[in-house]
Amino acid sequence: MDAQVVVFNSGYRSWVSDRGLGPLAFWPVGSQPCIVRLFVSLANEGVERVLIYCDRLHPLRLDGLATPDGLQVRAVVDQDISGTAGMLRLAVDSEVPGPIVILPVNMVDPPEVWTLLDLHRQGGADLTLFADPHSGGDILEIYVCSPEVLSHIPPQGYWDIKERL
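Engineer: Teacher, can you tell me more about the sheet that holds strand β4 (residues 49-55) here?
Structural biologist: Remark on secondary structure: sheet strands pair via backbone hydrogen bonds, oriented parallel or antiparallel. Strand order in the open sheet formed by 6 strands is β5-β4-β1-β6-β8-β7, with mixed pairing between adjacent strands. Two strands in the sheet have a free side with no partner beyond their single neighbour: β5 (72-78) and β7 (127-131). With strand direction ignored, the average angle separating the axes of adjacent strands in the sheet is 20°.

Given below as structure tokens:
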């Protein structure tokens, strides 16, 4: 696959400790944690590598988590809080060509990555936002961007995709 897939685990939507429920990534969906279901879906599409971004306030331990054969998962923990665009500085491999797909960690039934990439290419944009307006106010956002977008992200500090990129 000619794209990098980054799973974003950060902020209040990814962690519900005030209710004693822990990270959304580990909530059970059927017989699997949410994140394993996401991994299986991505592996079934031919994705070979997934980078998971976490900030220091919301670390995600992947020890002992079952991942599908052929899928490499690497977690990147940001010692700062860099925002959705800032996290790309750490999570993306600048040597890998092709678009970058950014998914939320709590995506139970993601759209096909191929479909997202095709729609992004058809639109001719550098950055595409996919959102579900019927999600009841807690919109799960998916982004697809060209690697050239990385040059617009400052080397340090908080930088959000929606507001600043």
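Engineer: Even after reading the chapter, I still don't get the nonpolar core, so can you show me in this structure?
Structural biologist: The tendency in soluble globular proteins is for nonpolar side chains to be buried as a group. By size, the foremost hydrophobic cluster in this structure holds 27 residues, and its most contacted members are I35, L42, V50, I52, L60, V101 and L103. Going through the elements one at a time, β1 (4-9), α1 (34-44), β4, β6 (100-104), α3 (113-123) and β8 (141-145) are the ones with two or more residues in this core. Tallying contributions element by element places α1 first for this core, with 5 residues. If sequence neighbours within four positions are ignored, I52 has contacts with V7, N9, I35, F39, L60, L62, V73, R74, A75 and V76. Core analysis: the next-biggest nonpolar cluster, separate from the first, contains 17 residues, Y53, I100, Y143 and I161 among them.

Engineer: Is there a simple way to explain the pattern of salt bridges in this structure?
Structural biologist: Two side chains bearing opposite charge may form a pair once their charged atoms approach each other closely. One pass over the full model with this rule turns up 2 salt bridges. A salt bridge links R49 to D93; the nearest nitrogen and oxygen atoms lie 3.9 Å apart. Of this pair, R49 sits in strand β4 while D93 sits in the loop between α2 (83-91) and β6; the two residues are 44 residues apart in sequence, bridging distant segments of the chain. For R49, a relative accessible area of 37% puts it in the partly exposed group. For D93, a relative accessible area of 26% translates into the label partly exposed. When the shortest N-O distance is used, the salt bridge between R121 and D118 registers 3.9 Å. Taken together, the positions of R121 and D118, both in helix α3 and 3 residues apart, correspond to about one turn of that helix. Taking relative accessible area as the criterion, R121 reaches 41% and is therefore assigned partly exposed. Residue D118 is classed as partly exposed on the basis of its relative accessible area of 38%.

Scoring rules and cut-offs
Residues numbered from 1 in each chain as written. Predicted model: local features only at pLDDT ≥ 70, side-chain atom pairs only at ≥ 80, totals over all residues. Heavy atoms only, no water. Pairing = 2+ DSSP bridges. Helix = DSSP H or I, 4+ residues; strand = E, 2+ residues; numbered from the N terminus. Axes fitted to C-alpha atoms, helices over the stretch in contact; angles between N-to-C directions. Core = buried A, V, L, I, M, F, W, Y, C linked by side-chain atoms within 4.5 Å. Buried < 20%, exposed > 50% of the residue type's maximum accessible area, 1.4 Å probe, protein only. Contact = heavy atoms within 4.5 Å. Salt bridge = Lys/Arg side-chain N within 4 Å of Asp/Glu carboxyl O.

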